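# Tertiary structure, described
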Amino acid sequence: MKLCIIGTGYVGLVSGVCFSDLGNDVICVDKALKKIKKSDIVFICVGTPTKKNSNSADLSQVYAAAKEISKSIKKFKIIINKSTVPVTTGDEIEKIISKKVNKKFFSVVSNPEFLREGEAIRDFIYPDRVVVGSNDSKSQKILKSLYSPLISKGAKFLSTKRRAAELIKYASNAFLATKITFINEISNLCEKTGIDIEDISIGIGLDKRIGSRFLRAGPAYGGSCFPKDTKALVSTADKFKTNLSVVKSVIRSNDLRSDLLSKRVSLILNNKIKNKVVSFLGVTFKANTDDMRDSSSLKLIPFLSKKGAKIKYYDPTGSKKEFKKLKNVEFSNSIKESIKGSDIVIIHTEWNDFKSINFKKFSKNKKLIIYDMRNIYSPNKIKKLGFKYFGIQEASYLYLLLL
Ligand code: UGA
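Residues numbered from 1 in each chain as written. Predicted model: local features only at pLDDT ≥ 70, side-chain atom pairs only at ≥ 80, totals over all residues. Heavy atoms only, no water.

## What about the site of the ligand?
- Residues in contact with the ligand amount to 20 residues; listed here are only the nearest, L115, E117, K169, N173 and C225.
- Contacts to the ligand include E117, whose backbone N or O atom sits 2.7 Å from an oxygen atom.
- Coverage of the ligand by the protein amounts to 95% of the 720 Å² it exposes when considered alone.
- Broken down by secondary-structure element, the contributors of at least two residues to the shell around the ligand are α7 (162–193) and α9 (226–239).
- With three residues, α7 is the largest single contributor of residues to the shell around the ligand.
- Class assignment of the residues belonging to the shell around the ligand gives a composition of ten nonpolar, two polar and eight charged. (Near = heavy atom within 4 Å. Polar contact = N/O pair within 3.5 Å; in protein donor to acceptor, adjacent residues only side chain to side chain. Areas by Shrake-Rupley, 256 points an atom, 1.4 Å probe, with all protein chains shown as cover. Helix = DSSP H or I, 4+ residues; strand = E, 2+ residues; numbered from the N terminus. Nonpolar A, V, L, I, M, F, W, Y, C, P; charged D, E, K, R; others polar.)

Spelled out as structure tokens, the structure:
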């Protein structure tokens, strides 16, 4: 099939490359939309950031793409929206295009993506499901045939109405964010009761109704999707006078999590942060990406800098402009350089590079403290090396002292 992808961010590019690999003729464009004339299917994969001073999604790029597409429809085309958009956006796209084109010459479909940053190609080729929301059967059939190579490998194909597909995307992200927030809150209780949170994650995850994924406790969730999409979902629900109290609590709990972990660092350092040398490993919102959007390091590092710590951060994706202006915050060129001379090592993301650090070799400090926010290390092994170790589950004794 002849496809055109509008938007060459991680969703657009990955979709374009993978569809081409599946044997389609693909053009990827960012601005030169005139090139879409010959395509049978046009994908809108543009950004929908949070609007300034509001929680709702900014749909200006989606609507601009729809306007441009309407100028290039000369034969029947399917317009597929892959951008994450609030319920009823497909209806708006249809309205915009129908100002110029008769409705029998086009169909607007919602086909949300579920790609994770850093895993996008694998997620595209081996999806759990492909969701196609369309109000007509003709485009459903064409889409099923486009995705048939993935369906034959085991992906479930789900046809829904267009609005349902739009909501499936937001509800999926909100549910995953809820799972993470839930396990993070349970980990707070584990810390006070001396229970290993990893046991709880495994113990509840083995129940097939719950499932083991997205139950890893850690810092506040971040990235370009969960924070933005949970807020946009609440904003849509407000518009329709529906109270999504669970999602609202998730947003609030996640916002408070960085403050909680900042306090935990203070506690671990006996409230003496001034002049402490902090090695901060990994600053992006998760491993395998260079993305800093809504990363909890954007709260943790400024907190430490304000309290007078000297921070040497290392990230496999290099130094970050976000920390350039902060006092006493420097990028280290390696894990070794970052750890050398430090009082505490904070492991903030779960990069493979951080999974087998030789702390003994990198640090001569016998009182080195390791705060492992991703529970990567075995507490006993690190303690045997003579270092103080705190994981998300291991700060317990501090609390027991306070009780
Ligand atoms: C997320 C979804 O997982 C994708 O399905 C979706 O397509 C994408 O948003 C999107 O809407 O475009 P992504 O933002 O790349 O993908 O990142 P995730 O891997 O989901 O991680 C998000 C945050 O949750 C990270 O901060 C991560 O560290 C955290 N997380 C994840 C946990 O703290 N614990 C977990 O068990 C899993």
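Having seen the structure, we can now continue with the description.
## A closer look at the sheet that holds strand β11 (residues 344–347)
- Taken in spatial order, the six strands of this open sheet run β10-β9-β8-β11-β12-β13, and their pairing is parallel. Edge positions in the sheet fall to β10 (329–331) and β13 (388–391), since each of these pairs with one other strand and no more. Taken over all neighbouring pairs, the strand axes of this sheet differ in orientation by 20° on average, direction set aside.
- By the bridge criterion, four bridges tie β11 to strand β12 (residues 369–372) in an arrangement that is parallel. By the bridge assignment for β12, I347 is matched with D372.
- Along the sheet, helix α10 (residues 245–268) contacts β11, β12 and β13; its crossing angle with β12, the most-contacted strand, is approximately 160°.
- The strands touched by helix α11 (residues 297–306) are β8 (277–281), β9 (310–314), β10 and β11; relative to β8, the strand with the most contacts, the crossing angle is about 170°. (Pairing = 2+ DSSP bridges. Axes fitted to C-alpha atoms, helices over the stretch in contact; angles between N-to-C directions. Contact = heavy atoms within 4.5 Å.)

## Here we look at the environment of E330
- Note that E330 resides in strand β10.
- Owing to a relative accessible area of 46%, E330 belongs among the partly exposed residues under this scheme.
- Put simply, E330 and L260 are 70 residues apart on the chain and 24 Å apart in space, counted from C-alpha to C-alpha.
- Contact partners of E330, with chain neighbours within four places excluded, come to I311, K312 and Y313. (Buried < 20%, exposed > 50% of the residue type's maximum accessible area, 1.4 Å probe, protein only.)

## A few points about the side chain of S70
- For S70, the position within the fold is in helix α2 (residues 60–70).
- Classification of S70 as buried rests on a relative accessible area of 6%.
- Each residue touching S70, except ones within four places of it in the same chain, is listed here: I97, K100 and V101.

That is the geometry; function is a separate question.
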